[in-house]
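Examination of the molecular architecture
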Amino acid sequence: MENGSLPMFWDFEFTFEVMPSLLGGLWVTVQLTLIGYLIALTLGLLIAIVRRVPILGSVVHFVMEFIRTTPLIIQVVFVFFLLPASLAIPLLGDVPITAFTVGVVVLGIHYAAYTAEVYRSGIEGVAKGQWEAARALSLPTSRTWGAIVLPQAIRKVIPALGNYLISMFKDTPLLFAIGVAELLTRAQRIGSESFRMMEAITLVGVLFLLVSIPSAIVIRRLEKRYVAV
Amino acid sequence: MSPSDTPENTTAPGGGNSGEAPAEGPLIVFDQVVKRFGDLTVLDHLDFSVAHGERVTLIGPSGSGKTTILRLLMTLEKVTEGHIWIDGEPFSHMPRGNGLVPAGETYLRMKRKRIGMVFQQFNLFPNMSVRKNIMEAPVHVLGVSKDEAAQKAEELLDLVGLGDKIDAHPTQLSGGQQQRVAIARALAMSPEILLLDEVTSALDPELVTGVLDVLREVAENTDITMLCVTHEMGFARDVSHRVLMFDQGRIAEEGHPDQIFGDPRQERTKSFLKSVLENGH
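Keep in mind that what you see is a predicted model, and the values were worked out from it rather than measured. (Residues numbered from 1 in each chain as written. Chains lettered and ligands numbered in written order. Predicted model: local features only at pLDDT ≥ 70, side-chain atom pairs only at ≥ 80, totals over all residues.)

The next thing to look at is the overall build of chain A. Scanning chain A for helices and strands turns up nine helices and zero strands. For chain A, the N- to C-terminal ordering of α and β elements is α-α-α-α-α-α-α-α-α. For chain A, long-range pairs separated by at least 24 residues make up 78% of all intrachain contacts whose partners lie at least 6 apart in sequence. (Helix = DSSP H or I, 4+ residues; strand = E, 2+ residues; numbered from the N terminus. Contact = placed C-beta atoms within 7 Å.)

Quick look at the structure:
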């Protein structure tokens, strides 16, 4: 270590110097997580409903199974570097295909494969009698789903969905692979420019903890509140 | 009762096709209805009819097909063979061309509005208040205004003796109270036919009377046609015009409640009634 290029003592001045850039990275990480989560929540719900449609449901199930059984980092790299631009552009309309866009969409779709399963278990957990009562009252399908089945199903799976929020947050550093300017990417950049790794990388860990510990506490509270019913 | 053999015949059999025609045909007609679940035949070429305003109790051992009859009428199940008619119009089937085809979802939705059902397990919506439970269908199916539906909900809750529970949630109520709300919810749709599927079977014994009293009141004060599956023989005797004893998917015996309970003629009915009495119902 004596002659290493990375001095192993902690430099507080340097820490304060790199803090703004890292906080900016944290903000990007939070944005990735929240937008990705929104995609995962809505898309997952759609998938869970479509999965009950006979043939279409099987096709969707197969695609979701494929997404769940391949690593997220490969999906991200594949879409960013290998998916032909001509294919990606019509999907996204006028949104520029930046690393951020690809990252957040792939993250969202990947996690939709998981949230769909969560929703599905919630929907299957709604008692058969609820469907029958809705039918006996001649309620239209939209009301049966919207006012009776989904409110009960979602309530039960709120804790499970919350856990995926934390998982997603912890998976955002994978987007390092395509250069999204999130926390880890910035720390790595700082390290390679200054030849000091310790401060920035340690801060990345601390910042992650600072967000995920309070989130975990909030989610545990939700769990108590909703599962008890 | 002669079943309609030709597909051209799209009017209900039964009622007045033998002898003089009554002023009004039967409300419900089961015409050679078969219901199978896989290899199991639950209803075996069943024929029977129910008149307007008639209250019929279905009794018989479990698995004899009583509940299936209610579930077919509520369109929770589909007939395997045969036809069901309501008010002279096809119900399990719909007219197409010159014949009848199994009824589609849209047709059923239109037809089943006049039928209400109360379930053994109440099946109230736990995510809604009592008020919302009762208002849901009138507002979203019949298009009644919210004010009007809320007022009707209050009246019905008073009828079932739960006026003070209008803002409660189902989970806060006892089983008996939940079942009375479920009765109010079914009545809110002003059904012509009310199906009662073992509505007191899931209740603690001390709560049974309250629910049955409500139903007695409904029976006395309305002309709703009622089909009732129950093990409460006293209630059946008081309220119903006719009792059908089911066994293995067929009607083993039918008659006036006084006759069925007082002087059963079939061995099957006798042994069934004996076993029900022994079980303390």
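With that settled, consider the environment of glutamine 188 of chain A. Following the sequence through the fold, glutamine 188 of chain A ends up in helix α8 (residues 183–194). Sequence spacing of glutamine 188 of chain A and lysine 128 of chain A is 60 residues, and the spatial spacing of their C-alpha atoms is 53 Å.

Taken together, the contact between chain B and chain A spans 19 residues of the former and 15 residues of the latter. The element best represented in the side of chain B that touches chain A is helix α3 (residues 130–142) of chain B, accounting for four residues. Looking at the side of chain B that touches chain A, its residues break down into nine nonpolar, six polar and four charged. (Nonpolar A, V, L, I, M, F, W, Y, C, P; charged D, E, K, R; others polar.)

With 90% of its residues at a pLDDT of 70 or more, chain A shows a mean pLDDT of 87. Across chain A, the secondary-structure element scoring lowest on mean pLDDT is helix α4 (residues 85–92) of chain A, at 59, and the one scoring highest is helix α6 (residues 128–136) of chain A, at 96. (pLDDT = per-residue confidence, 0-100.)

On to the environment of alanine 168 of chain B, then. Residues and elements named next belong to chain B. The topology assignment puts alanine 168 in the loop between α4 (146–159) and α5 (175–187). Exposure remark for alanine 168: the 16 C-beta atoms within 10 Å place this residue in the partly exposed category. Put simply, alanine 168 and methionine 128 are 40 residues apart on the chain and 9.0 Å apart in space, counted from C-alpha to C-alpha. In contact with alanine 168, other than residues within four places in its own chain, are Ser129, Val130 and Leu173. (Buried ≥ 20, exposed ≤ 12 C-beta atoms within 10 Å, placed from the backbone.)

Turning our attention to the nonpolar core. One recurring pattern in soluble globular proteins is that nonpolar side chains are buried together. Counting 115 residues, the largest nonpolar core has Leu58, Ile84, Met117, Ile183, Ala184, Leu195 and Leu196 of chain B as its most contacted members. No other element matches helix α5 (residues 99–124) of chain A, which puts 14 residues into this core. Apart from the residues lying within four places of it in its own chain, the contact partners of leucine 196 of chain B are Val118, Leu215, Met226, Cys228, Val229 and Thr230 of chain B. Membership of the second largest hydrophobic core comes to nine residues, among which are Leu22, Ile190, Ala200 and Val204 of chain A. (Core = buried A, V, L, I, M, F, W, Y, C linked by C-beta atoms within 7 Å.)

Once that is clear, we can look at the packing of helix α3 (residues 72–82) of chain A against α5 of chain A. Residue and element names in this part refer to chain A. Where α3 contacts α5, the two axes come as close as 10 Å, and the packing angle between them is 140 degrees. By the angle between their directions, the pair α3 and α5 is classed as oblique. Here α3 and α5 pass one another in a crossing that is right-handed. Every residue of α5 that contacts α3 at Leu72, Gln75, Val76, Val79 and Phe80 is listed here: Ala99, Val102, Gly103, Val106 and His110. (Axes fitted to C-alpha atoms, helices over the stretch in contact; angles between N-to-C directions. Parallel < 35°, antiparallel > 145°, perpendicular 65-115°, else oblique. Left-handed = near helix turned anticlockwise from the far one by under 90°.)

Let us now look at the packing of α6 of chain A against helix α7 (residues 141–171) of chain A. Residue and element names in this part refer to chain A. Contact geometry for α6 and α7: axes closest at 11 Å, N-to-C directions at 165 degrees. With respect to α7, the axis of α6 lies roughly antiparallel. For the element pair α6 and α7, the recorded crossing hand is right-handed. Facing Gln130, Trp131 and Ala134 of α6, the residues of α7 in contact are Thr144, Ile148, Val149 and Gln152. When the residues that make up the contact of α6 with α7 are grouped by side-chain class, the tally is four nonpolar, three polar and no charged.

Residues and elements named next belong to chain B. The sheet contact formed by strand β6 (residues 93–96) and strand β7 (residues 99–102) spans four bridges and is antiparallel. When the bridges of β7 are listed, proline 95 appears paired with leucine 100. Here β6 hands over to β7 after two residues, with glycine 97 in that stretch at a positive phi of 60 degrees. (Pairing = 2+ DSSP bridges.)

Residue and element names in this part refer to chain B. Across the sheet, which stays open at both edges, the four strands sit in the order β2-β1-β4-β5 with antiparallel pairing between neighbours. Since the sheet does not close on itself, it has two edges, and those belong to β2 (40–50) and β5 (89–90), each with one partner. Looking at chain direction, strand β1 (residues 28–37) and β2 are connected through seven bridges and run antiparallel. Following the sheet pairing, phenylalanine 37 is matched in β2 by leucine 40.

Next up on the list: the sheet that holds strand β11 (residues 242–247) of chain B. All names here are of chain B. What the six strands build is an open sheet, ordered β8-β9-β10-β3-β11-β12; its pairing is mixed. A single partner strand is all that each edge strand has here, and the edge strands are β8 (115–118) and β12 (250–255). Sheet twist, expressed as the average angle between the axes of neighbouring strands with direction ignored, equals 20 degrees. Of the pairings in the sheet, the one linking strand β3 (residues 55–59) to strand β10 (residues 225–229) comprises four bridges and is parallel in character. Bridge pairing in β10 places leucine 58 opposite valine 229.

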